[in-house]
Amino acid sequence: MNIHSGYEKYHTSNFILFAKFCRGAYFPYDSQGFKKRHFHDQKIRIFVKPIYLDYNATTPIDPEAAAAMRPFLEEHFGNPSSSHWYGAQAKKALESARRQVAQLLNCQPEEIIFTSGGSESNNLAIKGAAFAYRDKGNHIITSQIEHPAVTEVCKYLEENGFRVTRLAVDEFGLVDPAAVENAITPQTILITIMHANNEVGTLQPIADIARIARARGILCHTDAAQSVGKIPARVDVLGVDLLSVAGHKLYAPKGIGALFVRKGVRLQKQVHGADHEQNRRAGTENVLLAVGLGKACEIAGRELEKSAAHMLEMRDRLFHRLKENLPQIKLNGHPEKRLPNTLSLSFPNIEANTLLAELEGLAASAGAACHSDSVDLSATLAAMKVALPYAMGTVRFSTGKMSSAEEIDRAAEIVIAAVRRLQPSSETLPPLPPAEGVKLTHFTHGLGCACKLRPQALEKILQQLPASTDPNVLVGTATSDDAAVYRLGEQTAIVQTVDFFTPIVDDPGQFGAIAAANSLSDIYAMGARPLFALNIVGFPSNRLPMEVLRQILQGAQDKAAEAGISIIGGHTIDDSEPKFGLAVSGIVDPRRIWTNAAAEPGDALILTKPLGSGIIATAMKRGLAEAETARAAIRTMSELNRAAAEILSRFTVHACTDVTGFGLLGHLLEMARGSGVSAVIQTSAIPLIAGARELAAAGVAPGGTLNNLDFVSPHVRWSETLSHTDKILLCDAQTSGGLLVSVAGDEAAELLQALRQGGVSAATLIGKCQEGSPVMITVDE
């Protein structure tokens, strides 16, 4: 009987049938999210959808809502403001949808304004009311646990002369109505408190707060994005003047929302133009999406009690199974006054993103979905005073009307097994995933050099440490070089560097090669020749099989051999996530050391590799990078800087550094400060990995890149024609980036020609050094 492995097309209908049959089997994923499996006499590729428990982040469109939308996608395309037949069909559909939303909220259709979503509804409600009633006062009351769609609006209003009071909450996340009343002043014009918290699900006493507001003649708004469609949200019962709805939270499409505005309430228009939506919001209405929202509201009203009961049963089923097996977990939010679908759990002493990475086959969120790339303590958990060891390990599970008992039971198994792997005890550990197909970036929340400390924090620490007084230390902590140089004799000095980081790519061998290339780059950037290296390994043996470590070491060994050196030992520790790098020793003539602190005015600045690896690596982890873009980034990061360094040794190099975690501008700023010069660079000249700009424009960037931008901006004079995308690219945290060289200006053309002839095809003249105090980097287009 022959056993085959590999991929080939298989009938789509069987994907789902087999996925249901084999759910729970551990299949390695390939780069497209498909799973590879051995089968007798056949080769198939099967996609198994993860169990979805993130309904607070978004919901799928209800099939009934999608069916209602289809005619307006294919047939009824008219403008609802037009007077002809086509416009009339659209207008009738729009007003029918308005009635459906109004019926769910138990208000008049004329009190419903269609918007682009919950954020716009909140903006229109809060800013619109604040500016409309500014003649009566300038004070707004809100809470410390609001969604950014409210908190950021309040910050904006503070910048425009309003005063905002942010009320504390108790340990369950509840606002005290008495605290609301005590915060009211003669200048108070608006109270905005969310109906249900998006992270922990706690329900606020909105009816009590609204009664207090009405008695004092103050408007009351509630952000009901999370509650509408899950629990009753009738405006006559709540007593609010303004209520925000987000369509995609209740099985309607994204990009549509609504705002309830009680009759008689004035709002200053935020989007100006024609008199659409009762002259409250300009812009031709999106009939297609409004129809979807209307139908979703109709379905929600019809099935509210049934859906709420089902979501509650699934939520509690998950909680009880987890609590039975993991008694140390902590429930966040009110035990009773809580959304029926929301389960916020803290797993002590485990970082939430580390746990989520371990939950292969399960979709959930670390805290709120809007902050899923960060393990920083959320504002909600901080306001609730959740202890840090618990808060950092908080995961939000949210069930939906489509959740099944089978899915819940399997999800519980996945979570229990993951926690036990991360917190091993004397119990038998759950089985590890097979080495084949492991995606390393799923086992870490940092990515390569983008996971380094923030430069602002590192600077403060290093400034507090004394510098060495040993005269043989030729390069130490006085400069920002990544390697140290110690003189052994008149013609010999030893160069030592160490660098390691978390996986930047999924393939273990590629990760080892890139990490090795990155470590060796520090030696080349000093004008030195590497001699040998030692491994530095952090490895989660309770999460990954040792075969993965072997592949990492093999990748590094192959790259070291390409550099002409051996790896002759090292050190390993058991860690919560994989980390790898090298300690490299090299040799250099003390008279020919390159540092990053000797650039001179008039020098040309040359960069030897394109930028964009941090952005592309982030996209790769999220499944957003095209295959060719990913391959190009991996090639760039794996390439040694050896050829460039050997060619540079024939020219007058005044300063050199490799571009890594601090990004191009961060490393250029270090060079400029150390040398006492300023610099000018041309953005249009800087090489980029193909696809990096498009991803950056789409908002894909690692946290380290954003930190770099914050760090350098006070020292950069940006051209007014540059976009935010340009700035992100120039600050992108690189891994195994190119060399940034400050070379005598009259040698620049010859050097570029030599580099390109020597195979360093991306080498580019990007700018020049010049006199200037204080040190400033000018970035032209």
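Residues numbered from 1 in each chain as written. Predicted model: local features only at pLDDT ≥ 70, side-chain atom pairs only at ≥ 80, totals over all residues. Heavy atoms only, no water.

**Q** How would you sum up the overall build of the protein? Please name residues and give values.
**A** Assigned secondary structure in the protein consists of 25 helices and 29 strands. The C-alpha atoms of the protein give a radius of gyration of 30 Å, which matches the 28 Å a tight globule of 781 residues would have. Expressed as a percentage of its 781 residues, the buried residues of the protein come to 56%. Within the protein, counting contacts between residues at least 6 apart in sequence, those at least 24 apart form 80% of the total. Once the 74 positive and 82 negative side-chain charges of the protein are each reduced to a mean point, those two points are 5 Å apart. (Helix = DSSP H or I, 4+ residues; strand = E, 2+ residues; numbered from the N terminus. Rg over C-alpha atoms; globule rule 2.2 N^0.38 Å. Buried < 20%, exposed > 50% of the residue type's maximum accessible area, 1.4 Å probe, protein only. Contact = heavy atoms within 4.5 Å. Lys, Arg positive; Asp, Glu negative; His and termini not counted. Charge placed at Lys NZ, Arg CZ, Asp CG, Glu CD.)

**Q** I'd like a rundown of the environment of Lys-727, residues and numbers included.
**A** Assignment of secondary structure puts Lys-727 in helix 24 (residues 724-730). Once residues lying within four places of it in the same chain are set aside, the contact partners of Lys-727 are Leu-709 and Trp-718.

**Q** Provide a residue-level description of the environment of Pro-466, including the pertinent values.
**A** Along the chain, Pro-466 falls in the loop between helix 15 (455-463) and strand 17 (473-475). Classification of Pro-466 by relative accessible area gives exposed; the value is 72%. Residues Pro-466 and Ala-478 lie twelve residues apart in sequence; the distance between their C-alpha atoms is 9.3 Å.

**Q** Would you mind going over the confidence of the model for the protein in detail, with residue names and values included?
**A** Taken over all residues, the pLDDT of the protein has a mean of 89, while the share at 70 or more is 90%. Low pLDDT, under 50, characterises residues 1-45; the predicted model gives this stretch 82 contacts beyond four residues in sequence or across chains. Scored below 50 in pLDDT, residues 368-375 shows 16 contacts in the model against residues more than four places distant or in partner chains. (pLDDT = per-residue confidence, 0-100.)

**Q** An account of the sheet that holds strand 21 (residues 566-574) is requested, with residue identities and associated values reported.
**A** By definition, the strands of a sheet pair up through backbone hydrogen bonds, in either a parallel or an antiparallel sense. What the six strands build is an open sheet, ordered 17-18-19-22-20-21; its pairing is mixed. The sheet terminates laterally at strand 17 and strand 21, the two strands that pair on one side only. When the angles between neighbouring strand axes are averaged without regard to direction, this sheet yields 20°. As defined by bridge partners, strand 17 adjoins strand 18 (residues 483-487) across two bridges and the pair is classed as antiparallel. Its bridge partner lying in strand 18, Val-473 is registered against Tyr-486. (Pairing = 2+ DSSP bridges. Axes fitted to C-alpha atoms, helices over the stretch in contact; angles between N-to-C directions.)

**Q** Explain the pairing of strand 24 (residues 653-658) to me, using residue names and the numbers behind them.
**A** A large share of strand 24 lies buried, amounting to six of its six residues. Note that strand 24 and strand 27 (residues 739-743) share five bridges and pair antiparallel. Note on strand 27: the bridge partner recorded for Thr-657 is Leu-740.

**Q** So what's going on with the pattern of salt bridges? Which residues, and what values?
**A** One pass over the full model with this rule turns up 33 salt bridges. Between Glu-628 and Arg-631 there is a salt bridge, with its nearest N and O atoms 3.1 Å apart. Placement of the pair is Glu-628 and Arg-631 together in helix 19 (residues 627-638), with a separation of three residues, close to one helical turn. Judged by its relative accessible area of 44%, Arg-631 is partly exposed. One network of salt bridges, with partners in common, ties together Asp-62, Glu-64, Lys-295, Glu-298, Arg-302, Glu-303 and Lys-401. (Salt bridge = Lys/Arg side-chain N within 4 Å of Asp/Glu carboxyl O.)

**Q** Report on the environment of Pro-530, specifying residues and quantitative values.
**A** Position of Pro-530 relative to the elements: it lies in strand 20 (residues 529-539). Counting along the chain gives 147 residues from Pro-530 to Val-677, while the straight-line C-alpha distance between them is 30 Å. Once residues lying within four places of it in the same chain are set aside, the contact partners of Pro-530 are Leu-520, Ile-523, Tyr-524, Ile-565, Val-584, Ser-585 and Gly-586.

**Q** How would you sum up the packing of helix 16 (residues 508-524) against helix 17 (residues 546-563)? Please name residues and give values.
**A** Following both chains from N to C, one finds helix 16 and helix 17 inclined at 40°, their axes separated by 7 Å at the closest point. By the angle between their axes, helix 16 is oblique relative to helix 17. The handedness of the crossing between helix 16 and helix 17 is right-handed. Residues Pro-508, Gly-509, Phe-511, Gly-512, Ala-513, Ala-516, Ala-517, Leu-520 and Tyr-524 of helix 16 form the contact with helix 17, whose own contacting residues are Val-548, Gln-551, Ile-552, Gly-555, Ala-556, Lys-559 and Ala-563. Its residues assigned to classes, the contact of helix 16 with helix 17 comprises eleven nonpolar, four polar and one charged. (Parallel < 35°, antiparallel > 145°, perpendicular 65-115°, else oblique. Left-handed = near helix turned anticlockwise from the far one by under 90°. Nonpolar A, V, L, I, M, F, W, Y, C, P; charged D, E, K, R; others polar.)

**Q** With reference to specific residues and values, describe the packing of aromatic side chains.
**A** Across all of its chains, the model carries seven aromatic pairs by this definition. For the ring pair Tyr-52 and Tyr-55, a centre distance of 4.9 Å and an interplane angle of 70° mean the geometry is edge-to-face. Here Tyr-52 falls in the partly exposed class, since its relative accessible area comes to 26%. An aromatic cluster of at least three residues, connected via ring pairs, comprises Tyr-52, Tyr-55 and Tyr-251. Above the ring of Tyr-156, the side-chain terminus of Lys-127 is found at 4.9 Å from the ring centroid. In this structure, Lys-401 packs its charged tip against the face of Tyr-251, placed 4.4 Å from the ring centre. (Phe/Tyr/Trp six-rings, centres within 6.5 Å; stacked < 30°, edge-to-face > 60°. Lys NZ or Arg CZ within 6 Å of the ring centre and 35° of its normal.)

**Q** Break down a nonpolar patch on the surface for me, with residues and values.
**A** Taken together, the side chains of Phe-77, Trp-85 and Tyr-86 make up a nonpolar region of the molecular surface, amounting to roughly 400 Å² of accessible area. Structurally, Tyr-86 can be placed in helix 3 (residues 85-105). (Patch = residues over 30% accessible without salt bridge, like charges linked within 9 Å, V, L, I, M, F, W, Y side chains within 5 Å. Areas by Shrake-Rupley, 256 points an atom, 1.4 Å probe, with all protein chains shown as cover.)

**Q** Talk me through the sheet that holds strand 6 (residues 139-143); I want residue IDs and the actual numbers.
**A** Pairing is mixed in the open sheet, where seven strands are placed in the order 5-11-10-9-8-6-7. In this open sheet, the two edge strands, each paired with only one partner strand, are strand 5 (112-115) and strand 7 (163-167). When the angles between neighbouring strand axes are averaged without regard to direction, this sheet yields 20°. Sheet analysis places strand 9 (residues 219-223) next to strand 10 (residues 242-246), joined by three bridges and oriented parallel.

**Q** Outline the pairing of strand 20, listing residues and values.
**A** One ladder, built from nine bridges, connects strand 20 with strand 22 (residues 579-588); its direction is antiparallel. By the bridge assignment for strand 22, Leu-534 is matched with Ala-583. In this fold, strand 20 hands off to helix 17, which returns the chain to strand 21; that crossover is right-handed. (Right-handed = clockwise from strand over helix to strand, strands pointing away.)

**Q** So what's going on with helix 14 (residues 405-422)? Which residues, and what values?
**A** Between its terminal C-alpha atoms helix 14 stretches 26 Å, which fits the 26 Å expected from 18 residues at 1.5 Å a residue. Among all positions of helix 14, only Glu-407, Ile-408, Ala-411, Ala-412, Ile-414, Val-415, Ile-416, Ala-417, Ala-418, Val-419, Arg-421 and Leu-422 are buried. Tucked inside the fold, the buried residues of helix 14 contact strand 4 (51-52), helix 10 (287-325), helix 11 (352-358), strand 14 (362-363) and strand 16 (394-398). (Expected span 1.5 Å × (residues − 1).)

**Q** Before we move on, can you summarise the nonpolar core with the specific residues and values?
**A** One finds Leu-664, Leu-665, Trp-718 and Val-779 to be the most contacted residues of the largest nonpolar core, which totals 108 residues. No other element matches helix 16, which puts eight residues into this core. Val-779 has contacts with Leu-665, Ile-681, Thr-683, Val-716, Arg-717, Trp-718, Ser-719, Leu-722 and Leu-730, leaving out every residue within four places of it along the chain. (Core = buried A, V, L, I, M, F, W, Y, C linked by side-chain atoms within 4.5 Å.)

**Q** Break down the side chain of Ser-519 for me, with residues and values.
**A** The residue Ser-519 is located in helix 16 in this model. With a relative accessible area of 1%, Ser-519 lands in the buried category. A distance of 3.2 Å separates the side chain of Ser-519 from the backbone oxygen of Asp-499, its partner in a polar contact. Not counting residues up to four positions away in its chain, the partners in contact with Ser-519 are Thr-497, Asp-499, Gly-581, Leu-582 and Val-584. (Polar contact = N/O pair within 3.5 Å; in protein donor to acceptor, adjacent residues only side chain to side chain.)

**Q** Talk me through unusual backbone geometry; I want residue IDs and the actual numbers.
**A** Here the residue pair Ser-773 and Pro-774 is connected by a cis peptide bond, since its omega of 0° sits within 30 degrees of zero. Inspection of the secondary structure puts Pro-774 in the loop between strand 28 (764-770) and strand 29 (777-780). The phi dihedral of Lys-385 falls on the positive side, at around 60°, and the residue is not glycine. Along the chain, the position of Lys-385 falls in the loop between helix 12 (379-383) and helix 13 (388-391). The exposure class assigned to Lys-385 is exposed, which follows from its relative accessible area of 70%. A positive phi angle, near 50°, is found at Ser-736, a position not held by glycine. Along the polypeptide, Ser-736 turns up in the loop between helix 24 and strand 27. Note on Ser-736: relative accessible area 1%, which makes it buried.

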